[in-house]
Amino acid sequence: AMPDVVNALRIDRVADCDAFTGRALRTPHGRLFGGQTLAQSLMAAAQTTASGNRVHSLQASFILPGSIDHDILFEVEKVRDGRSFQTRSVKARQGNRVL
């Protein structure tokens, strides 16, 4: 139960850049679960902000279905670092496709 959730949300930093990889959970229909992708995207964005900052808002668009057979690459762009807010844009990719 809880260890499965923690493992489902786990991401790993790629080298010393603002990119992370995550694994897909197995699903009966063979497609990536969008909620997992969204949660991992949020985790990746949070890894690039100053500690103590909280999420204010989240906006997402699902472009293409993902596959459970491939890892997901999360590319984080630091759009803005202000005094009160930090803005991040995350692209979840499999291969050359943005999900």
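Structure first, text after, so check above.
Read on for a plain summary of the structure. (Residues numbered from 1 in each chain as written. Predicted model: local features only at pLDDT ≥ 70, side-chain atom pairs only at ≥ 80, totals over all residues. Heavy atoms only, no water.)

## Re the pattern of salt bridges
The full count for this structure, using the stated rule, is seven salt bridges. One salt bridge in this structure joins Asp71 and Arg23, with 3.2 Å as the shortest N-O distance. Taken as a pair, Asp71 in the loop between α2 (34-46) and β3 (72-81) and Arg23 in the loop between β2 (19-22) and α2 lie far apart in primary sequence, 48 residues in all. Overall, Asp71 belongs to the partly exposed group, its relative accessible area being 37%. (Salt bridge = Lys/Arg side-chain N within 4 Å of Asp/Glu carboxyl O. Helix = DSSP H or I, 4+ residues; strand = E, 2+ residues; numbered from the N terminus. Buried < 20%, exposed > 50% of the residue type's maximum accessible area, 1.4 Å probe, protein only.)

## What to know about the sheet that holds β3
Strand order across the open sheet formed by five strands is β1-β2-β3-β4-β5, with antiparallel pairing between neighbours. Each end of this open sheet is capped by a strand with a single partner; those strands are β1 (11-13) and β5 (97-98). Alignment of β2 against β3, held across four bridges, turns out to be antiparallel. Bridge pairing links Gly22 to Ile72 in β3. Here α2 sits on the sheet and contacts β1, β2, β3 and β4 (86-94); the angle it forms with β3, its principal contact strand, is near 45 degrees. (Pairing = 2+ DSSP bridges. Contact = heavy atoms within 4.5 Å. Axes fitted to C-alpha atoms, helices over the stretch in contact; angles between N-to-C directions.)

Everything listed is a geometric property; what it means functionally is a separate question.
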